[in-house]
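Structure at a glance
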Amino acid sequence: MLTYSAALKRVLNFARKKTSIVKVEKSLQHVCVRNINSKKNNPFFNNSLLDGFAFKSSDTVSNKSFKILGATSAGQKNKIKYKKNCCYRISTGAKIFHPYNCMMPYENLLIEKGVVKLKKKISKDTNVRKIGSDYKKGQIILKKNTTITAPNLLALKSLGIKNIKVYQKPTIILFCTGNEIIDNVRINDKVINSIPEYIKSFSEKLNFKFMYLGILKDNVKQLHSKIRKIQNMKNVIIVSTGGVSAGHKDFIPQVLKKNKFNVIFHKILMKPGRPTLFAIKKSSYYFGLPGNPISTIVGFHFLITPLLLRLQSKILKLKNGRMLQNYKKNKKLTLFLRGKTNNNTLKILSGQESFRIKSLVNANCWIKLSQKKSIVKKGSRVDYYDY
């Protein structure tokens, strides 16, 4: 039986990134494949910071009165030629025509009978938005492997980018198995299935598409029919819950083999989630997770999530904290325990059985205890994943 670390390594070794070209407006939350460089200077030309008048700085050294040559505003195509000891009216964002190189707002000027009078000389570039002072043409806007956010979208389009090469969003296709579970909220002896909502809630954070196919009964023909329909979809992670243990109705392994999936491993030295199965077929990945909700969640966070991230050239980053208690464990197993973290200290909560959800609600992290030791001592440094 594989250790957790060996199992994760095998999963990631099968990761094959897919890329596509998308329009900027469709790129939100995608991860860019390569550096993206600006197509233009921003600002594209020298322009006025305020409404007022444009001058040539050297003229203002000895002269205090300026004749008004004309006017221009933002978006206007007219050009005003230079004439010594003259100025022109300008609006915010309008071009500063060479050799004019500074401007002064109305409130700092005196205007009488078509003549503008200065109170003092004006330095070069005063109140001028300089060409390329924000971004220069060719400058990197976005580094490769960056997740595209709303501010990124604004910058990309503003700087002339139309299309971007990104990693394709993987799709998780989930179905749950079992005669004992239901999706509808009814108070009876059935188990209410809440795993679809849990996994889907991470779709934006982890950047994946989500499809839920419902609950399948413990029936070989029904399972075979469902897997046959979805097995050839591209760049998908198929996830099933239940049906992978050693019970007489745990049919997933035999159905996968019948559909020619290559089962990479079945059962891992970890708790919860020991019966977890991983298989591949072409560009499809298959995770068979145990049916208990906590076992399913551990498989999602510590096997599926690393794969989702690897397909987008990212990694799952665990933090490191200090244990506040001793904890006895089976040294052959990696444990994933619900815990509390505060300033990088870690406390393992009570109620760690895989059917209990109260400790999940009370926790704010998962604490990972590796196979190395049977007793993890107070003060030891261990990895954890907060959420």
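Chains are numbered independently. Their residues run from 1 in the order of the written sequence. Predicted model: local features are reported for residues with pLDDT of at least 70 only, side-chain atom pairs are reported and counted for 80 or more only, and whole-chain, interface and lining totals are derived from all residues. For side-chain calculations, the full set of non-hydrogen atoms in the structure is used, while hydrogens and water are omitted.

When helix H5 (residues 220-230) is considered as a whole, its buried residues turn out to be Leu223, His224, Ile227 and Ile230. In an axial view of H5, the angular spread of the buried residues amounts to 145°, which keeps them on one side of the axis. More than 90 degrees from the buried face of H5, the exposed residues found are Lys221 and Lys229. We call two residues contacting when some pair of their heavy atoms lies within 4.5 Å. Runs of E in the DSSP output that reach at least two residues are strands. Runs of H or I that reach at least four are helices, and both are numbered from the N terminus. Where H5 is buried, its residues meet strand S15 (171-177), strand S18 (209-216), strand S19 (236-241), helix H6 (252-258) and strand S23 (284-289). Categorising residues by exposure relies on relative accessible area from a 1.4 Å probe, with only protein chains included: less than 20% of the type maximum marks a residue as buried, more than 50% marks it as exposed, and the intermediate range marks it as partly exposed. Each direction from the helix axis to a C-beta atom contributes to the arc, which is the arc of those directions.

Turning our eyes to something else, we now look at the pairing of strand S8 (residues 86-90). Counting buried residues in S8 gives four out of five residues, a clear majority hidden from the surface. By definition, two strands form a pair when at least two bridges between them are found by DSSP. Pairing of strand S6 (residues 52-55) with S8, which is carried by three bridges, proceeds in the antiparallel orientation. What sits directly across from glycine 52, in S8, is isoleucine 90. Relative to S8, strand S7 (residues 65-72) is paired through four bridges, and the arrangement is parallel. Its bridge partner lying in S8, isoleucine 68 is registered against cysteine 87.

This brings us to the environment of isoleucine 367. Its location among the elements puts isoleucine 367 in strand S28 (residues 365-369). A residue is classified by how much of its surface remains accessible, and isoleucine 367, at 0% relative accessible area, is buried. Sequence separation between isoleucine 367 and lysine 319 is 48 residues, and the spatial gap between their C-alpha atoms is 9.6 Å. Once residues within four sequence positions are removed from consideration, isoleucine 367 is found in contact with Met323, Leu335, Phe336, Leu337, Gly339, Leu346, Lys347, Ile348, Val382, Asp383 and Tyr384.

The next thing to look at is a positive patch on the surface. Together, Lys221, Arg228, Lys229 and Lys258 make up a positively charged patch on the protein surface. Looking at the positive patch, the element that brings in the most residues is H5, giving three residues. With respect to the secondary-structure elements, lysine 229 resides in helix H5. Residues with no salt bridge and a relative accessible area higher than 30% make up the patches, which join like charges within 9 Å and nonpolar side chains (Val, Leu, Ile, Met, Phe, Trp, Tyr) within 5 Å. Note on areas: Shrake-Rupley with a 1.4 Å probe; residue coverage comes only from the protein chains shown. The salt bridge definition used is simple: a Lys or Arg side-chain nitrogen within 4 Å of an Asp or Glu carboxyl oxygen. A residue counts as positive if it is Lys or Arg and as negative if it is Asp or Glu; His and the chain ends are not included. Charge placement uses NZ in Lys and CZ in Arg. For Asp and Glu, CG and CD serve respectively.

Here S6 runs beside strand S9 (residues 102-105); their pairing, made up of four bridges, is antiparallel. When the bridges of S9 are listed, alanine 54 appears paired with methionine 103.

Reading across from one edge, S9-S6-S8-S7-S11-S10 is the order of the six strands in this open sheet, with mixed pairing throughout. Of all strands in the sheet, those bounded by a partner on one side alone are S9 and strand S10 (109-112). Within the sheet, the average angular offset between the axes of one strand and its neighbour, ignoring direction, is 40°. Here, axes are lines fitted to C-alpha atoms. For helices the fit covers the stretch in contact, and angles between N-to-C directions go from 0 to 180 degrees.

When the terminal C-alpha atoms of helix H7 (residues 293-310) are compared, their 25 Å separation across 18 residues agrees well with the 26 Å that a helix rising 1.5 Å per residue should span. Two axes are fitted around each residue, one to the seven residues ending there and one to the seven starting there, and the angle between them is reported as the bend at that residue. Along H7, the sharpest kink reaches roughly 35°, centred on isoleucine 304 and followed within four residues by the proline proline 306. Most of H7 is tucked away: 16 of the 18 residues are buried. Expected span, for any helix, means 1.5 Å times one less than how many residues it has.

Geometry of aromatic contacts follows a simple scheme: Phe, Tyr and Trp rings, the Trp one being its six-membered ring, pair when their centres are within 6.5 Å, and the pair is stacked under 30 degrees between planes, edge-to-face over 60, tilted otherwise. A complete count under the given rule lists 16 aromatic pairs for this structure. Relative to tyrosine 100, the ring of tyrosine 82 has its centre 5.5 Å away and its plane inclined at 70°; by these criteria the two rings are edge-to-face. Separated by 18 residues along the polypeptide, tyrosine 82 in the loop between S7 and S8 and tyrosine 100 in the loop between S8 and S9 bring together distant segments of the chain. Among the residues examined, tyrosine 100 registers a relative accessible area of 3% and is labelled buried. A network of ring pairs unites the aromatic residues Tyr4, Phe302, Phe336, Trp366 and Tyr385 as a single cluster. Note on criteria: charge over ring means Lys NZ or Arg CZ within 6 Å of the ring centre, with the direction from the centre no more than 35 degrees off the ring normal. Positioned over the ring face of tyrosine 82 is lysine 56, at 5.0 Å from the centre of the ring. Stacked on the ring of phenylalanine 45, the Lys or Arg lysine 95 has its end atom at 5.1 Å from the ring centre.

With that settled, the discussion passes to the environment of isoleucine 195. Checked against the element boundaries, isoleucine 195 lands in helix H3 (residues 195-200). Taking the relative accessible area as the measure of exposure, isoleucine 195 reaches 6% and is therefore buried. Distance from isoleucine 195 to asparagine 292, taken between C-alpha atoms, is 9.7 Å for residues 97 residues apart in sequence. With near-sequence residues (within four places) excluded, isoleucine 195 lies in contact with Leu174, Thr241, Pro293, Thr296 and Ile297.

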